[in-house]
Amino acid sequence: MIPYGHQDLDDSDIEAVVDVLRSDWLTQGPAIGEFERRVAAYCGSRHAVAVNSGTSALHLACLAAGVGPGDTVWTTPNTFVASANCALYCGATIDFVDIDPRSYNLCPNRLEDKLACAARAGNLPKAVIPVHFAGQPCDIDALRALSAKYGFCLIEDACHAFGAGYRGRPVGRGCGSGLAVFSFHPVKIITTGEGGVAVTDDERIYRKLLLLRTHGITRDGFEAADAESGPWYYEQQALGFNYRLTDLQAALGISQLKRADSMVARRRELAARYDRALASLPVTTPVQGAVGLSSWHLYVIRLHLDALRKSRLEVFNALRTAGIGVNVHYIPVHLQPYFRKRGFKPGDFPVAEQYYREAITLPLYSGLADAQQDFVIETLGGILLN
Ligand SMILES: *Cc1c(COP(=O)(O)O)cnc(C)c1O
């Protein structure tokens, strides 16, 4: 089976992990700090805090932004459930903003309208979590302008977008007092097995992330505190978590980071090959905006169901039967039973729902060979044209 996504590991990655196994530190050793410094440099952000998953990074980002009971957080329905759950973990209420029908990202115009309504009603969101879907950046400057105007914290869910560009700068740069969150799950752009990172330029947010990652405990600043305290002294100042990444994972991340640019370049090359090869088929290929440069986490096509004699399910099953591990991203989050129980229903976000009915994710990862991709293209063509 050709999967839809796959990690890209080489011998240097394996050696980097084995070196840590032979060292004195398995967790929170020197590799963590180095990985964080390198990620911050790569993204052009002032600070980076590495944690054990992208989901943990989203949770801590919400807490650091001050999200709590009584607050509302908005995100896109076209995402993995973690983008919404992170707000619920904090006791906040979640709501959604429908997507743009071309980029499949949270629509900035709808967001602006909804913010204007919320401002009149006095129930503005505490945070908004747009997702750079499939690796294509949202219009970040427009979102930052809205964040400044309406006073919400902008938390970019950049789990798909490590290595993506926006107006010539890396995604993650210029977050200011907001944050961007990346995932290093094996199907994402680079991997640490499980893992994630939150980046920010804000010193206060950074301190909160560090504290909450390790139980709310800090050892800093007690050297001269009082006669009772000694070198053993630490304080729990907040209710935090054990969201630490291990040094094994950080070493893998450092090694992967060295190849990040070439892995993203290969994804872009494969995406361009798909674009050319699929142009004559009854599908819509991903439409790219003028100011973003996608990292191509996913390659999603939309079937022109009116022009086909097959349903999406039939096309999907035929591809799977041929050994092609296609997938669907995403079932709109508000249609999940857990969210329906909280009042959401079909028809609430029609653009995301229509997109979902037609979408299929084709295999795309840096280790995909041209010949494998050609097989995907030929097989898809055969299924759609028969
Ligand atoms: C993968 C993903 C996450 C969660 O990341 P994990 O590292 O798997 O916890 C969150 N949001 C989006 C959009 C993702 O794709």
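Residues numbered from 1 in each chain as written. Predicted model: local features only at pLDDT ≥ 70, side-chain atom pairs only at ≥ 80, totals over all residues. Heavy atoms only, no water.

Engineer: Please clarify how the site of the ligand should be interpreted in this entry.
Structural biologist: In the vicinity of the ligand there are 16 residues, among which Gly 54, Thr 55, His 160, Ser 183 and Lys 188 approach most closely. Here an oxygen atom of the ligand sits 3.3 Å away from a polar atom, N or O, in the side chain of Tyr 330. For the ligand, whose accessible area on its own is 380 Å², the fraction buried by protein is 92%. Tallied by class, residues from the shell around the ligand come to six nonpolar, eight polar and two charged. (Near = heavy atom within 4 Å. Polar contact = N/O pair within 3.5 Å; in protein donor to acceptor, adjacent residues only side chain to side chain. Areas by Shrake-Rupley, 256 points an atom, 1.4 Å probe, with all protein chains shown as cover. Nonpolar A, V, L, I, M, F, W, Y, C, P; charged D, E, K, R; others polar.)

Engineer: Would you mind going over the side chain of Lys 188 with me for this structure?
Structural biologist: Inspection of the secondary structure assignment puts Lys 188 in the loop between strand E8 (179–183) and strand E9 (196–200). Within the local environment of Lys 188, its side chain forms a polar contact with the side chain of Ser 183, the two groups lying 3.5 Å apart. Beyond its immediate chain neighbours, meaning those up to four positions away, Lys 188 contacts Cys 159, His 160, Ser 183, Arg 267 and His 297. (Helix = DSSP H or I, 4+ residues; strand = E, 2+ residues; numbered from the N terminus. Contact = heavy atoms within 4.5 Å.)

Engineer: Honestly, the side chain of Arg 312 in this entry has me stumped. Any pointers?
Structural biologist: Within the secondary structure, Arg 312 is located in helix H10 (residues 312–321). A distance of 2.8 Å separates the side chain of Arg 312 from the backbone oxygen of Ala 359, its partner in a polar contact. Every residue in contact with Arg 312, bar those within four places of it in the chain, is listed here: Leu 303, Leu 305, Val 328, Tyr 356, Arg 357, Glu 358, Ala 359 and Ile 360.

Engineer: Explain the packing of helix H3 (residues 54–64) against helix H4 (residues 82–89) to me, please; I cannot follow it from the model alone.
Structural biologist: The packing of two helices is summarised by the inter-axis angle and the distance between the axes. Where H3 meets H4, the closest approach of the two axes is 8 Å, and the angle between their N-to-C directions is 45°. One finds that H3 runs oblique with respect to H4. Of the two possible hands of crossing, H3 and H4 adopt the one that is right-handed. Taken together, the residues of H4 that come into contact with H3 (itself represented by Thr 55, Leu 58, His 59 and Cys 62) are Ala 82, Ser 83, Cys 86, Ala 87 and Tyr 89. Its residues placed into classes, the contact of H3 with H4 shows six nonpolar, three polar and no charged. (Axes fitted to C-alpha atoms, helices over the stretch in contact; angles between N-to-C directions. Parallel < 35°, antiparallel > 145°, perpendicular 65-115°, else oblique. Left-handed = near helix turned anticlockwise from the far one by under 90°.)

Engineer: Can you walk me through the sheet that holds strand E14 (residues 299–303) in this structure?
Structural biologist: Picture the strands of a sheet paired through backbone hydrogen bonds; they go either parallel or antiparallel. The strand order E12-E14-E15 describes an open sheet built from three strands, whose pairing is antiparallel. Two strands in the sheet have a free side with no partner beyond their single neighbour: strand E12 (283–284) and strand E15 (359–362). One ladder, built from four bridges, connects E14 with E15; its direction is antiparallel. Residue pairing for E15: Val 300 is matched across the bridge by Thr 361. Each of E12, E14 and E15 is contacted by helix H9 (residues 260–278), which is oriented at about 20° to E14, the strand it contacts most. Across the face of the sheet, helix H12 (residues 350–358) comes into contact with E14 and E15 while running at roughly 90° to E14. (Pairing = 2+ DSSP bridges.)

Engineer: How should the state of the cysteines be read in this particular structure?
Structural biologist: What is meant by a disulfide is a covalent connection between two cysteines, made through their sulfur atoms. Scanning the entire structure with this criterion turns up zero disulfides. The thiol of Cys 62 is not disulfide-bonded; the next cysteine sulfur, from Cys 86, is found 3.7 Å away. Cysteine Cys 175 is unpaired, with the sulfur of Cys 43 as its nearest cysteine sulfur at 8.4 Å. Here Cys 175 falls in the buried class, since its relative accessible area comes to 9%. (Disulfide = S-S within 2.5 Å. Buried < 20%, exposed > 50% of the residue type's maximum accessible area, 1.4 Å probe, protein only.)

Engineer: Looking at this structure, I do not really get helix H13 (residues 370–385). What am I missing?
Structural biologist: Structurally, the α-helix is built with 3.6 residues per turn, so residues lying three or four positions apart point the same way. Under the 1.5 Å per step criterion, the end-to-end length of H13 is 22 Å for 16 residues, consistent within 8% with the ideal 22 Å. Here the buried face of H13 lies against H9, E12, E14, H10 and E15. (Expected span 1.5 Å × (residues − 1).)

Engineer: So what exactly am I meant to see when it comes to the packing of aromatic side chains here?
Structural biologist: For any pair of aromatic rings, geometry is given as the distance between the ring centres together with the angle between the planes. In this structure the tally under the stated criterion is 16 aromatic pairs. Relative to Phe 162, the ring of Tyr 42 has its centre 4.9 Å away and its plane inclined at 10°; by these criteria the two rings are stacked. Within this pair, whereas Tyr 42 is found in helix H2 (residues 30–43), its partner Phe 162 is found in the loop between strand E5 (153–157) and strand E6 (165–166), the two being separated by 120 residues in sequence. Looking at Phe 162, the relative accessible area reads 2%, which means it is buried. Feature note: the residues Phe 35, Tyr 42, Phe 162, Phe 182 and Phe 184 constitute an aromatic cluster, connected by ring pairs. Its guanidinium or amino end placed over the ring of Tyr 356, Arg 312 lies 5.0 Å from that ring's centre, counting from NZ or CZ. Over the ring of Tyr 338 we find Arg 342; its NZ or CZ atom is 3.6 Å from the centre of that ring. (Phe/Tyr/Trp six-rings, centres within 6.5 Å; stacked < 30°, edge-to-face > 60°. Lys NZ or Arg CZ within 6 Å of the ring centre and 35° of its normal.)

That is the geometry; function is a separate question.
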